[in-house]
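Structural overview for review
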Amino acid sequence: QVQLVESGGGLVQPGGSLRLSCAASGISFSMYTMRWYRQAPGKQRELVAGITSGGRTNYADSVKGRFTISRDNAKNTVYLQMNSLKPEDTAVYYCNADLPVVHSNYWGQGTQVTVSS
């Protein structure tokens, strides 16, 4: 059974930091491209950051220079370090595991991030 379990969300003031974690089980984690998406109320889900099995990363323009995605294959975990948080970063953040060659794509349940004073 595949599980992606996010953690680390919460309430933070503008300018603050959070680190999200996504622990995966039931998949060959090191083979998967891992991505973080977010969805704010009334908006479509959007890609925040991704990291390939080889460690190549990409970011949405809105988070470049503030967020860092990383992975620890020994722990089957992907992280999202979020710095200089803004109110517009408020959203539910979702972890996604993707391996198109075997038509596998999985989602976590999401973790709420609220940036507010």
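For the structure itself, consult the block above.
Residues numbered from 1 in each chain as written. Predicted model: local features only at pLDDT ≥ 70, side-chain atom pairs only at ≥ 80, totals over all residues. Heavy atoms only, no water.

**Quick notes on the state of the cysteines**
Going by this rule: Criterion for a disulfide: a pair of cysteine sulfur atoms at a distance within 2.5 Å. Only runs of H or I of at least four residues qualify as helices and only runs of E of at least two qualify as strands under DSSP, and these elements are numbered from the N terminus. When a residue's accessible area, from a 1.4 Å probe over protein chains only, is under 20% of the maximum for its type it is buried; when over 50% it is exposed; and in between it is partly exposed.
One pass over the structure, following the stated rule, counts one disulfide. Each disulfide pairs two cysteine sulfurs, and for C22 the partner residue is C95, the sulfurs being separated by 2.1 Å. Here C22 and C95 share a disulfide; its torsion about the S-S bond, -80°, makes the bridge left-handed. With C22 in strand β3 (residues 18-25) and C95 in strand β9 (residues 91-99), this pair connects stretches of sequence that are 73 residues apart. The exposure classification of C22 matches that of C95, with both residues buried.

**Focus: the sheet that holds strand β7 (residues 67-72)**
Threshold: Note on pairing: two strands pair once DSSP finds at least 2 bridges between them. A fitted line through C-alpha atoms represents every axis, and for helices the fit uses only the stretch in contact; the resulting angles, taken between N-to-C directions, go from 0 to 180 degrees.
Spatial ordering of the open sheet is given by β1-β3-β8-β7, a layout of four strands whose pairing is antiparallel. Because the sheet does not close on itself, it has two edges, and the strands there are β1 (3-7) and β7. Between one strand axis and the next, the sheet turns by 15° as a mean value, whatever way the strands run. Note: β1 against β3, five bridges, orientation antiparallel. Pairing of Q3 across the sheet is with S25, part of β3.

**Section: the pairing of β7**
Only one face of β7 is buried, namely the one carrying F67, I69 and R71, since none of T68, S70 and D72 on the opposite face is buried. One ladder, built from six bridges, connects β7 with strand β8 (residues 77-82); its direction is antiparallel. Among the inter-strand pairings, I69 is bridged to a residue of β8, identified as L80. Hairpin connection between β7 and β8: a loop of four residues separates the two successive antiparallel strands, and N76 in this loop has a positive phi of roughly 50°.

**Here's the deal with the pattern of salt bridges**
The condition that has to hold: One speaks of a salt bridge when a side-chain nitrogen belonging to Lys or Arg is within 4 Å of a carboxyl oxygen belonging to Asp or Glu.
Scanning the entire structure with this criterion turns up five salt bridges. The salt bridge involving R38 is made with D89; its shortest N-O contact spans 2.9 Å. With R38 in strand β4 (residues 33-39) and D89 in the loop between β8 and β9, this pair connects stretches of sequence that are 51 residues apart. Both residues of the pair, R38 and D89, belong to the buried class. Linking D89 and R66 is a salt bridge whose minimum nitrogen-to-oxygen distance equals 2.7 Å. A residue pair is termed long-range when its members are at least 10 positions apart, and D89 in the loop between β8 and β9 and R66 in the loop between β6 (57-59) and β7 qualify at 23 residues. For the residue pair D89 and R66, the accessibility class agrees, reading buried in each case.

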